[in-house]
Amino acid sequence: MKSVVVFLPNWIGDVVMATPAIRALTKKYPQATFTAVCKPYVSATLEGAPWFQHTVHFDKRGAKHVRFLGALKQLRKLKPELAVLFPNSFTPALLTRLAGAKEVIGFARYGRDALLSKRLYCLRASSGKPRPHPAMLDYNRLAMAAGTPDPGYKMELFTTAADDAQAEAYFKKQGWTPSSTVIGLNSGGAFGSSKHWPNSSFAELARRCAERGWNVAMLCGPSERATALDIVAQALHPNVRSVAEENLSIGFTKAMVQKLTGFVTTDSGPRHFAAAFGIPVVTLFGPTHQEWTTTNFDLEEAIQKRVPCGPCQLRVCPLDHRCMTTLTPAEVFERLERVLHRQERRRAG
C-alpha cells in the first residue's frame, strides 16, 4: 500500500474519537503516505500528530480550491489506493472513486453503495432506525475492515510548540504555576443553542470553584468571547478569568486543556480534548444521546437530566430547555469534586 486517503469526520469531537482508528491504520500500513481530507475548520484538531503527510481541505461551500473539483485535482495527484470514509455522505465516496482509489471502505448509506468496494452497515434498533451507539465503534469497524486489529478506545491528541508556548504565557500572565489548581469551564458548542447551559449557572459554578480556592479559566472560541466575558462578570470573583482577549484557535484550546487540573464542559469538541489528554472532565449533556459519544474515559463524569421530551437531538429547544436549566451548579460542582478525588486516589496508588 503506497497511498491511503482518510476522510475525517465533520465535527471536532468526532475527529478526536476517530484517532484510535487513524492510529491503527497508520500502524497497519507504516510505509504508506497518508492524506487527511477534511473541512478546513477541523484540520487543526490533528495538528502536531505524526499520522498524515498531506491534508486536503474539502468543503462544498468553501473557497474554489477546496470545493469538489479543487479537492479532486489534489487527490488525483496523490494516486490513492485505499480510501477510508468516516463521514457517511455521498460526496466523499464519489470523490475517491473519481480520484482513482481501488478500494473504498465506508458505511452503505445515502445511496453510495455502488461506489464502495467494502460496505459496512449501521447498527439498527428493532424499529429499523439507527440505534444510538458509540461513534467510536463505527470508526473502529472501518479501520478493522481495512485490515487492522481492534483499535481500542484510547483517544490521542498532540499540540504544537507554538500553541504550548501561548498557553504557558497565558498561565504566567495569570500568575498560575504548575502546582496551581486550574479548573477550565467551556460553555460553547457548534451543535446549537440546545446544548448550552445558562450563563448564570456557569457563573455560579465558577464562583463555587473560586471560593474553594481554585483558579478558573473560562475557555471559548472566537464566536463565544461575549459569553465567556459575561460569565466572568457574573461570577464576581478575582480568581475567575477568561481567555476571551487571547488569539483564539483550536490549537490554543488544546494546549490550555492539556494544562488544566479539571474541566467542566458542554458536550462539545473540547470535552474530547480532555479525554485524549487524560484530564478529569465533567460533561453536561442535555438534548443529545450520550450513547453516540461514549468515550470509555474513566475520569469523566457525565451528567444528564432525564426529561419527558428528551433526548430530542434538536439543535434549538422549542420548549423551555428544561434538560439544561434544571441542571444545578451544586450538582455539577459535586461531580467535579468526585472526579478530582478519583484522580487523587489513583495517583496515591
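Quick note: structure is the one above.
Attention in this report is confined to the structure presented alongside it. (Residues numbered from 1 in each chain as written. Predicted model: local features only at pLDDT ≥ 70, side-chain atom pairs only at ≥ 80, totals over all residues. Heavy atoms only, no water.)

**Points about the sheet that holds strand β11 (residues 281-285)**
And step 1. Pairing is parallel in the open sheet, where 6 strands are placed in the order β9-β8-β7-β10-β11-β12. Two strands in the sheet have a free side with no partner beyond their single neighbour: β9 (240-242) and β12 (300-304). Adjacent strand axes in the sheet meet at a mean angle of 20° when their direction is disregarded.
And step 2. The sheet contact formed by strand β8 (residues 215-219) and β9 spans 3 bridges and is parallel. Across the sheet, residue V216 finds its bridge partner in β9, namely V240.
And step 3. In this fold helix α7 (residues 199-211) packs onto β7 (182-186), β8, β9, β10 (262-266) and β11, with an angle of close to 180° to the strand it touches most, β7.
And step 4. Packed onto the sheet, helix α10 (residues 269-277) meets β7, β10, β11 and β12 and runs at close to 150° relative to β10. (Pairing = 2+ DSSP bridges. Helix = DSSP H or I, 4+ residues; strand = E, 2+ residues; numbered from the N terminus. Axes fitted to C-alpha atoms, helices over the stretch in contact; angles between N-to-C directions. Contact = heavy atoms within 4.5 Å.)

**Looking at the packing of aromatic side chains**
And step 1. Evaluated as defined, the whole model comprises 7 aromatic pairs.
And step 2. Ring geometry for F86 versus Y139: centroids 5.1 Å apart, planes at 70°, classification edge-to-face. One end of the pair, F86, is in the loop between β4 (82-85) and α4 (90-98); the other, Y139, is in helix α5 (residues 135-145), and 53 residues separate them in sequence.
And step 3. Classification of Y139 by relative accessible area gives buried; the value is 7%. (Phe/Tyr/Trp six-rings, centres within 6.5 Å; stacked < 30°, edge-to-face > 60°. Buried < 20%, exposed > 50% of the residue type's maximum accessible area, 1.4 Å probe, protein only.)

**Overview of the packing of helix α3 (residues 68-78) against α4**
And step 1. α4 packs onto α3 with a crossing angle of 45° between their chain directions and a minimal axis gap of 9 Å. As judged from the angle between their axes, α3 and α4 are oblique. In this structure, α3 meets α4 at a crossing whose hand is right-handed. Across the interface between the two elements, F68, A71, L72 and R76 of α3 pack against T91, L94, L95 and L98 of α4.
And step 2. A class-by-class count of the residues in the contact of α3 with α4 yields 6 nonpolar, 1 polar and 1 charged. (Parallel < 35°, antiparallel > 145°, perpendicular 65-115°, else oblique. Left-handed = near helix turned anticlockwise from the far one by under 90°. Nonpolar A, V, L, I, M, F, W, Y, C, P; charged D, E, K, R; others polar.)

**Some thoughts on the packing of α7 against helix α8 (residues 225-235)**
And step 1. Interaxial distance between α7 and α8 falls to 8 Å at its minimum, and their mutual angle equals 55°. Taken together, the axis directions place α7 and α8 in an arrangement best described as oblique. Note on packing geometry: the crossing formed by α7 with α8 is right-handed. Two secondary-structure elements touch here, α7 through N199, S200, F202, A203, A206 and R207 and α8 through T227, D230, I231, Q234 and A235.

**Overview of the pairing of β8**
And step 1. When you tally the buried positions in β8, you get 5 out of 5 residues, the bulk of the element.
And step 2. Neither face of β8 is exposed, since N215, A217 and L219 on one face and V216 and M218 on the opposite face are all buried.
And step 3. Relative to β8, β7 runs parallel, the two sharing 5 bridges. If you follow V182 over to β8, its bridge partner there is N215.
And step 4. With α8 bridging β8 and its parallel neighbour β9, the resulting β-α-β unit is right-handed. (Right-handed = clockwise from strand over helix to strand, strands pointing away.)

**Some words on α8**
And step 1. Within the span of α8, buried status applies to A228, I231, V232 and A235. Considered in projection along α8, the buried side chains sweep an arc of 100° and stay on one side of the axis.
And step 2. Taken together, the buried residues of α8 touch α7, β8 and β9. (Arc of directions from axis to C-beta.)

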